[in-house]
Amino acid sequence: MAAAVVAAMGGIRQRIESAATAGIARDEGLDRGRVEHFAALRRGRFQRVEAITDHQAGVAETVQLRRAGRHDRMPPYVRRDHDPGLRSSLRAHRFILVMGETKAGKTRSAFEAVREQFPKHRFVRPASADGMSSLHALVDRARPCIVWLDDLEHYMRPGGLTRQILDDLFVWENVIVVATLRRELLNTFYPLDDPSEPARTRWREARSVLNAAVQVDVSAYWSAAERGRARSGGDPRLYSALRAPDHRVGLGLVAGHEQAQRWTAARYSTSHARAAAAVLAAVDAQRVGLYRTLPEHLLERAHAAYLPHTGSTVEAGYESWENALNWAQLPAEDAGCMLHLYSDGTVRAFDYLAEVLPVEPVPEEAWRTWLDAATPEEAFVIGQNAAAGLEYGRARRALSKAEAAGVDGASAALAVVTAEEGRPARALPVLHSRAEELRQRYGSDDVSVLRAEYDLALYTGEAGDAARAAALFASLLPRCRQLLAAEHDLALDVRHQLATFTGEASDAPTAAAQFTDLVEDLKTMRGTHDQRTLSARHQEAKFIGVQEGRKNKERAASLYRQLADDCAQTFGPTHPETLTNRHQHAAHTAAAGNTAAAAQLFDDLLPTYAAVFGTDHPATLWTRLQCALYPPLSAPAATIRLRQVLTDFVRVQGPEDPDTLQVEFELALAQLREGTPAGEITVRLRDVLSRQESVLNPGHPALGRTRAALARLEPPAAL
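It should be emphasised that the depicted structure is a prediction, and the values quoted were computed from it without experimental measurement.

**Student:** Which parts of the structure should I look at to understand the overall build of the protein?
**Tutor:** Check the secondary structure of the protein and you find 35 helices and 13 strands. When the 719 residues of the protein are sorted by exposure, 49% land in the buried category. When contacts within the protein are restricted to residue pairs at least 6 apart in sequence, those whose partners lie at least 24 apart make up 67%. Accessible surface for the protein amounts to roughly 32,800 Å². Of this, 52% is attributable to carbon and sulfur atoms.

**Student:** Before we go on, may I ask you to explain the sheet that holds strand β12 (residues 339-341) in this structure?
**Tutor:** If you walk across this open sheet you meet the 3 strands as β11-β13-β12, and the pairing is antiparallel. Single-partner strands in this sheet number two, and they are β11 (294-295) and β12. Sitting on the sheet, helix α13 (residues 273-288) touches β11, β12 and β13 (346-349), and the angle it makes with β13 is about 85°.

**Student:** Would you mind going over unusual backbone geometry with me for this structure?
**Tutor:** Glycine aside, negative phi is the norm for most residues, and most peptide bonds take the trans geometry. Each neighbour pair has its own omega, and for Arg143 with Pro144 the value is -5°, a cis peptide bond. Within the secondary structure, Pro144 sits in the loop between α6 (135-142) and β8 (145-149). Within the chain, Leu390 stands out as a residue other than glycine whose phi angle is a positive 65°. Mapped onto the fold, Leu390 is located in the loop between α19 (376-388) and α20 (392-404).

**Student:** What am I meant to see in the nonpolar core here?
**Tutor:** If you look at soluble globular proteins, the nonpolar side chains tend to sit buried side by side. Among the nonpolar cores identified, the biggest contains 45 residues, and Val279, Leu299, Leu339, Leu353, Leu357 and Trp370 are the most heavily contacted of them. Looking at this core, the elements with two or more residues in it are α12 (256-267), α13, α14 (296-303), α16 (321-329), β13, α17 (353-356), α18 (364-373) and α19. Here the element with the most residues in this core is α13; it accounts for 12 residues. Core analysis: the second largest hydrophobic core is formed by 32 residues, Tyr155, Met156, Leu169 and Trp172 among them.

**Student:** For this particular structure, what's the right way to read the packing of aromatic side chains?
**Tutor:** To describe a pair of aromatic rings, you give the distance between the ring centres and the angle between the ring planes. Applying the stated criterion to the full structure yields 9 aromatic pairs. With a centroid separation of 5.4 Å and an interplanar angle of 35°, the aromatic rings of Tyr609 and Phe613 are classed as tilted. Of this pair, Tyr609 and Phe613 both sit in helix α30 (residues 595-613), 4 residues apart, which is roughly one turn of the helix. Residue class for Phe613 comes out partly exposed when judged on its relative accessible area of 27%. Through successive ring pairs, a cluster of aromatic residues spans Phe111, Phe123 and Trp148. Positioned above the aromatic ring of Trp327, the side-chain terminus of Arg262 is 4.9 Å from the ring centre. A cation over a ring is seen here: Arg451 above Tyr454, with NZ or CZ 5.6 Å from the ring centre.

**Student:** Please clarify how the packing of helix α34 (residues 678-695) against helix α35 (residues 701-713) should be interpreted in this entry.
**Tutor:** Packed helices, taken two at a time, are described by the angle between their axes plus the distance between the axes. At a closest axis distance of 10 Å, the pairing of α34 and α35 adopts a crossing angle of 155°. Here α34 lies roughly antiparallel to α35, going by the angle between them. Crossing of α34 against α35: the hand is left-handed. Judged by residue contacts, Ala678, Ile681, Thr682, Leu685, Arg686, Leu689, Gln692 and Glu693 of α34 engage Ala702, Leu703, Thr706, Arg707, Ala709, Leu710 and Leu713 from α35.

**Student:** Even after reading the chapter, I still don't get the packing of helix α27 (residues 531-545) against helix α29 (residues 576-591), so can you show me in this structure?
**Tutor:** Contact geometry of α27 with α29 gives a least axis separation of 12 Å together with a crossing angle of 20°. Taken together, α27 and α29 sit at an angle that is classed as roughly parallel. For the pair α27 and α29, the crossing hand works out as left-handed. Contacts from Gln531, His538 and Gly545 in α27 reach Glu577, Thr580, Asn581, Gln584 and His588 in α29.

**Student:** Is there a simple way to explain the pattern of salt bridges in this structure?
**Tutor:** Pairing is possible between side chains of opposite charge, provided their charged atoms come close. If you walk through the whole model with that rule in mind, you get 47 salt bridges. For Arg287, the salt bridge is made with Asp284, and the minimal N-O distance between the two is 3.2 Å. Residue Arg287 and its partner Asp284 are located together in helix α13, separated by 3 residues, close to a single helical turn. Among the residues examined, Arg287 registers a relative accessible area of 22% and is labelled partly exposed. Counted as one network, the salt bridges with shared partners bring together Glu364, Arg368, Glu391, Arg394 and Arg397.

**Student:** Which parts of the structure should I look at to understand the pairing of β8?
**Tutor:** Successive side chains on a regular strand alternate, one facing one side of the sheet and the next facing the other. Judged by how many residues are buried, β8 sits mostly within the fold: 5 of 5 residues are covered. One ladder, built from 3 bridges, connects strand β7 (residues 122-126) with β8; its direction is parallel. Note that in β8 the partner of Arg122 across the bridge is Cys145. In terms of strand pairing, β8 meets strand β9 (residues 175-182) through 5 bridges, oriented parallel. The residue bridging Val147 from the neighbouring strand is Val177, located in β9.

**Student:** Would you mind showing me how to read the sheet that holds β8 here?
**Tutor:** Strand pairing in a sheet is mediated by backbone hydrogen bonds. Such pairs are either parallel or antiparallel. Strand order in the open sheet made by the 6 strands is β1-β7-β8-β9-β6-β10, with mixed pairing throughout. Edge positions in the sheet fall to β1 (38-39) and β10 (214-218), since each has one partner strand and no second. Docked against the sheet, helix α5 (residues 106-117) engages β6 (95-100), β7, β8, β9 and β10, running at close to 165° with respect to β9. Contacting β1, β7, β8 and β9, α6 crosses the sheet at an angle of about 170° to β7.

**Student:** I'm lost on the pairing of β6 in this one. Help?
**Tutor:** Counting buried positions over the 6 residues of β6 gives 6, a clear majority of the element. Every second residue of β6 is oriented toward a common face, with Phe95, Leu97 and Met99 on one face and Ile96, Val98 and Gly100 on the other, all of them buried. Note that β6 and β9 share 6 bridges and pair parallel. Bridged to Met99 within β9 is Leu181. Note: β6 against β10, 5 bridges, orientation parallel. Paired with Gly100 across the two strands is Val218, which belongs to β10.

**Student:** Please clarify how the confidence of the model for the protein should be interpreted in this entry.
**Tutor:** Predicted coordinates in areas of low pLDDT are best not read in detail. The pLDDT averaged across the protein works out to 82; a share of 83% of its residues lies at or above 70. Note on residues 1-33: pLDDT under 50 across the span, and 21 contacts to partners over four residues away in sequence or across chains. Low pLDDT, under 50, characterises residues 310-315; the predicted model gives this stretch 3 contacts beyond four residues in sequence or across chains.

**Student:** When you look at the environment of Glu462 in this model, what are you seeing that I'm missing?
**Tutor:** Counting through the fold element by element, Glu462 comes out in helix α23 (residues 447-462). In this structure, Glu462 is in contact with Pro424 and Phe501, ignoring residues within four places of it in sequence.

**Student:** Mind showing me how you'd approach α29 here?
**Tutor:** For α29, built from 16 residues, the straight-helix expectation of 22 Å at 1.5 Å per residue is met to within 8% by its first-to-last C-alpha distance of 22 Å. Of all the positions in α29, only Thr578, Leu579, Asn581, His583, His585, Ala586, His588, Thr589 and Ala590 are classed as buried. Immediately beyond the C-terminal end of α29, within one or two residues, lies Gly593, with a positive phi of roughly 100°.

**Student:** Would you mind showing me how to read helix α33 (residues 658-674) here?
**Tutor:** Since the α-helix packs 3.6 residues into each turn, any two residues three or four apart lie on the same face. Between its terminal C-alpha atoms α33 stretches 24 Å, which fits the 24 Å expected from 17 residues at 1.5 Å a residue. Of all 17 residues that make up α33, 12 are buried, and the element is covered over most of its length. Positive backbone phi, approximately 120°, marks Gly675, located one or two places after α33.

**Student:** Help me understand the side chain of Arg87, please; the structure alone is not making it clear to me.
**Tutor:** Looking at the element boundaries, Arg87 is found in helix α4 (residues 83-92). In contact with Arg87, not counting residues within four places along its chain, are Glu112, Ala113, Glu116 and Gln117.

Rules of the game
- Residue numbers here run from 1 along each chain, matching the order of that chain's written sequence.
- Reporting of local features is limited, given that this is a predicted model, to residues whose pLDDT is at least 70; pairs of side-chain atoms are given and counted only at 80 or more, and all residues count toward the totals for whole chains, interfaces and linings.
- Derived side-chain values reflect all non-hydrogen atoms in the structure, with water molecules and hydrogen atoms excluded from consideration.
- The helix count covers DSSP runs of H or I at least four residues long, the strand count covers runs of E at least two residues long, and both are numbered beginning at the N terminus.
- Whether a residue is buried, partly exposed or exposed follows from its accessible area with a 1.4 Å probe, protein chains only, as a fraction of its type maximum: under 20%, in between, or over 50%, in that order.
- Between two residues, a contact is recorded if the distance between any of their heavy atoms is within 4.5 Å.
- Surface accessibility follows the Shrake-Rupley procedure with a 1.4 Å probe radius. Residue values consider only the protein chains on display as shielding.
- Two strands are counted as paired when DSSP detects at least two bridges linking them.
- Between the N-to-C directions of two axes lies an angle of 0 to 180 degrees, each axis being a line fitted to C-alpha atoms and, for a helix, fitted only over the stretch in contact.
- Residues grouped as a nonpolar core are buried Ala, Val, Leu, Ile, Met, Phe, Trp, Tyr and Cys residues, joined through side-chain atoms within 4.5 Å.
- Put simply, two rings from Phe, Tyr or Trp (the six-membered ring, in Trp's case) pair if the centres are within 6.5 Å, and we call them stacked under 30 degrees between planes, edge-to-face over 60, tilted for the rest.
- Each ring is checked for a lysine NZ or an arginine CZ that lies within 6 Å of its centre and within 35 degrees of its normal; such an atom marks a charge sitting over the ring.
- By the definition adopted for this analysis, an angle is roughly parallel if under 35 degrees, roughly antiparallel if over 145, roughly perpendicular if from 65 to 115, and oblique otherwise.
- A crossing counts as left-handed when the near helix is turned anticlockwise from the far one by less than a right angle, and as right-handed when that turn is clockwise.
- Whenever a carboxyl oxygen of Asp or Glu lies within 4 Å of a side-chain nitrogen of Lys or Arg, that contact is scored as a salt bridge.
- How sure the predictor is of each residue is captured by pLDDT, a score from 0 to 100.
- Each helix should span, by expectation, one fewer than its residue count multiplied by 1.5 Å.

See below:
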């Protein structure tokens, strides 16, 4: 009976929509087929922005609340730090592209700004790329209007949005195009792994479209001010979302979190454990790199690896496979369904579950199932994803499958895995051949060539030739600026690595200046708290700090302090990035001569290190060493502490570990200050130096410090 009602309602809805479509076609003199490709119509007409719902604009639904007998689908909008710039751009420009990570709040921010600025404009939203061909004619009748392109990637496929279509729209002053794009999809418009001519043509067209836009960045990580405004909003969903990891409040609001709660409850029950296993298997297939829908029998085979224990269905008490699929497809009141089963017998997980379900190691049986079912091209993607997750053994297996089938670029990808496994010199011949092959095929000014040359330069530096790597990156940068948008990941990576290897090649002042410029650009492009910006800020502080002079040490200490505060806001106070920068702040405070303040900073840091990493972690041991080196400890107290630290270094890392030898060096100097005879200290330092020379590179700074200490202790030989 219920199925019959649903079918009947579906038929009624289809007839209503068909009639509405026919209405607009008659009124505007267009054929009905064109208008079918547009959404958010009412009685066949484009509505004003003020009449459009958040759902019609594409804003992701959150957990519903029941208020005064009705469902409240959306919490109140929280003013974001980027809002003034977004509204200013809307007033001044014709094409606005709002970019950010998944669930950063791009669509909600853009729609709130449009609703405030242009409530009387018509809202024109193509349902797909198929609507692009009739866009100009429809916009001509809808002006003034907003052309709404939420998830821009859907409109950029062949036959979709082009620069010519945009230019035709820009003839009218009262037409504004607003688009959103997930930042992680930006690289899909660049044929880095597909250098074929069709891909190059699509890239040129996509680049032309993107270059026409004014970009506004939306951070997924909410600032302290934004979180404060959310707390004052009085909505329980906002309170709950504020607990989201790393302050990603937007992710905490989406319905996927409601799904995650249902999934967690199912996982630890006997009635739906099989369903939970099937859902996680489908999600992991996407994470691994199988982005297509999955044959049901494949999912059934893979899900068994996720069950809490083995055994028959009856013995384990699990539901049947059919019942498991039915439950996973059952839409919850507030959150939709977890799995979609299509008419062709394939299955796909709810899009955002990958963002909210726990990330655990993919069981070997499931991973092997996905790889066995993958095409060679999919195996290439699976291998790259495994390498990105530092699973180099799996990466090698997947990429070998791709290489055996002749997938272009697989051999070079395998060479990168070899380099990442710690053998960069062995990878260089293959990477050099790949760069030369692509250069001969496409010329020097091609994106695929730039990517190959980037890999060659990076691993040249990793193999120990920093000066050569810096030179290679310097020659690469002008072509990146010519071919790529300034915010493209590859262009930013080249700038970052150029500065890094310039510094590693002993030109710290130039490296620091390059990072300072990069940081300023990243703050504008990505924001102060973006991961890429934070990484560049860390390198800027590093190469300022290695330069001689108290002012450089003080400036580095200040930069590290600010960076530690921002990391604490972004990631939390106990995140490794936060702790690393707190440690560097203390170390550079000591290097600037303020040893009393440094001692206090290290003492404050030590309990956190011990709680987060454990007492035997190298970072904790190293922090204990710093606590023993600075006042207000007396010389005897410092010696006692250093002996205790040395005992633990020997126990945990071994007597010949470079860090252990450094502790021995510091203990010898402390005992010299305490009054131990210089002759005895000299013998011990000679022993330390001999052991350091056997485990450290010839130019390592620790060797220089030990030799300098010996030179001060040993009188010059008589002539």
